[in-house]
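A closer look at the structure
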Amino acid sequence: MTYKLYYWTGIQGRGEFVRLCLEDAGADYVDVAREEGDDVMQPWLNGDHEGPLPFAPPFLTSGRLVIAQVANILHYLGPRHGLVPSSESRQLYAHQLELTITDLVAEVHDTHHPVASGLYYEDQKPEAKRRSADFRSSRIPKYLSYFEKAVERGGGTHPLREHSYVDLSLFQVLAGLDYAFPKAMKAMSPKIPRLRALAERVAKRPHIAAYLASGRRLPFNESGIFRHYAELDA
Ligand SMILES: N[C@@H](CCC(=O)N[C@@H](CS)C(=O)NCC(=O)O)C(=O)O
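Residues numbered from 1 in each chain as written. Predicted model: local features only at pLDDT ≥ 70, side-chain atom pairs only at ≥ 80, totals over all residues. Heavy atoms only, no water.

Next up on the list: the side chain of Gln 124. Inspection of the secondary structure puts Gln 124 in the loop between α5 (88–112) and α6 (125–153). Taking relative accessible area as the criterion, Gln 124 reaches 0% and is therefore assigned buried. Polar side-chain contacts of Gln 124 include one of 3.0 Å to the backbone oxygen of Ala 116. Here the side chain of Gln 124 touches Leu 119 through a polar contact of 3.1 Å, landing on its backbone oxygen. Setting aside its immediate chain neighbours within four residues, Gln 124 contacts His 112, His 113, Pro 114, Val 115, Ala 116 and Leu 119. (Helix = DSSP H or I, 4+ residues; strand = E, 2+ residues; numbered from the N terminus. Buried < 20%, exposed > 50% of the residue type's maximum accessible area, 1.4 Å probe, protein only. Polar contact = N/O pair within 3.5 Å; in protein donor to acceptor, adjacent residues only side chain to side chain. Contact = heavy atoms within 4.5 Å.)

What follows concerns the pairing of strand β4 (residues 65–68). On a regular strand, one side chain projects to one face of the sheet and the next to the other, so that they alternate. Two elements, strand β3 (residues 59–62) and β4, share four bridges in a ladder whose sense is antiparallel. Within β4, the residue paired with Ser 62 across the bridge is Leu 65. (Pairing = 2+ DSSP bridges.)

With that settled, the discussion passes to the packing of α6 against helix α9 (residues 193–204). In contact at an axis separation of 8 Å, α6 and α9 are set at 75 degrees when each is read in the N-to-C sense. What the angle tells us is that α6 and α9 run roughly perpendicular. Taken together, the residues of α9 that come into contact with α6 (itself represented by Leu 144, Phe 147, Glu 148, Val 151 and Glu 152) are Pro 193, Arg 194, Leu 195 and Leu 198. Residue composition of the contact of α6 with α9, by class: six nonpolar, no polar and three charged. (Axes fitted to C-alpha atoms, helices over the stretch in contact; angles between N-to-C directions. Parallel < 35°, antiparallel > 145°, perpendicular 65-115°, else oblique. Nonpolar A, V, L, I, M, F, W, Y, C, P; charged D, E, K, R; others polar.)

Attention now moves to the environment of Ser 189. Here Ser 189 lies in the loop between α8 (182–188) and α9. The sequence separation of Ser 189 and Asp 178 amounts to eleven residues, and the corresponding C-alpha distance is 9.9 Å.

This paragraph deals with the site of the ligand. Close contacts around the ligand come from Tyr 7, Trp 8, Arg 14, Phe 55, Ala 56, Pro 57, Pro 58, Gln 69, Val 70 and Thr 102, and that covers them all. Arg 14 places a polar side-chain atom, nitrogen or oxygen, 3.2 Å from an oxygen atom of the ligand. Here a nitrogen atom of the ligand sits 2.7 Å away from a polar atom, N or O, in the side chain of Gln 69. Here the shell around the ligand is built from residues that sort into seven nonpolar, two polar and one charged. (Near = heavy atom within 4 Å.)

Next up on the list: the layout of surface pockets. Within this model, the largest pocket holds a volume of roughly 550 Å³. Lining the largest pocket we find 24 residues, and of these Tyr 7, Arg 14, Ala 56, Pro 57 and Pro 58 sit closest to its centre. Considering every element that reaches the lining of the largest pocket, the biggest residue donor is α5, with six residues. Tallied by class, residues from the lining of the largest pocket come to 14 nonpolar, seven polar and three charged. Built from parts of two domains, the lining of the largest pocket gets at least three residues from each of domain 1 (3–80) and domain 2 (88–205 + 224–233). (1 Å grid on protein atoms, 1.4 Å probe; cavity = no way out; pocket = protein on both sides within 12 Å on 5 of 7 lines; lining within 4 Å. Points joined across faces, edges and corners; volume = space filled by probe spheres on them. Domains from an automatic or database assignment.)

A separate point is the sheet that holds β4. An order of β2-β1-β3-β4 is seen for the four strands of this open sheet, with the pairing classed as mixed. Each of the sheet's edge strands pairs with one partner strand only, and the pair in question is β2 (29–31) and β4. Looking at each pair of strands side by side, their axes are set apart by 20 degrees on average, direction ignored. Packing of helix α1 (residues 15–25) onto the sheet brings it into contact with β1 (3–6), β2 and β3, and relative to β1 it is tilted by some 160 degrees. Here helix α4 (residues 70–80) sits on the sheet and contacts β1, β3 and β4; the angle it forms with β4, its principal contact strand, is near 125 degrees.

What follows is about the packing of aromatic side chains. One pass over the structure, following the stated rule, counts eight aromatic pairs. Taking the centre distance of 4.8 Å and the plane angle of 10 degrees together, the rings of Tyr 6 and Phe 59 count as stacked. Residue Tyr 6 is found in strand β1, and its partner Phe 59 is found in strand β3; the two are separated by 53 residues along the sequence. When its relative accessible area of 6% is taken as the criterion, Tyr 6 is described as buried. (Phe/Tyr/Trp six-rings, centres within 6.5 Å; stacked < 30°, edge-to-face > 60°.)

This is how it looks when you write it as structure tokens:
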């Protein structure tokens, strides 16, 4: 069965967390908007389809299923592709960690759009600067120390004691934060050795290494979630 992933073209965005899972699994999938354009998603968002109604991309179809919300999509894909442990308690913990990553991603978005998503960055620069200063000094350390501790508790290499979709998402979080806030992340790095090692291992996984070297992996840019504005990393 071929999965269909729906996500905005031109950016990694939140779709990338799903792509990394599909790529690592070697799953058969189509990145539909990249083939047919962003307009292909509109009927789904307007509710012109049967079944569950997605609020926003990314969403995934699998046969008759329509699944939205990154953490929910990964909660569905994980057990099907051996990317989460089999016990209920471990799956709940994986989902909990992924929801925490979702919270972090929303805060990353708000560093450059603290007032309104519908306004340009240029229309909210003073607020973005203020928000980013707090994000760098308080939120990056709090989130990354938490995930570092989770890896430590999982035995030192994975939060779930084995490779899982959470590892893939943590790789993406570090890659994105390194791009957006290189100075802050340089200062943070000595405090997160286990997370750094985890990200290096993920990048070397054969399917992930092949994906990262492919044209399917778009570069980060200033339209996505993780944006580099030097003034926000000052
Ligand atoms: N919590 C959702 C957030 C989804 C989301 O905000 N998607 C963005 C693109 S990255 C979007 O298109 N939002 C439209 C909107 O919020 O109006 C998830 O993790 O999937």
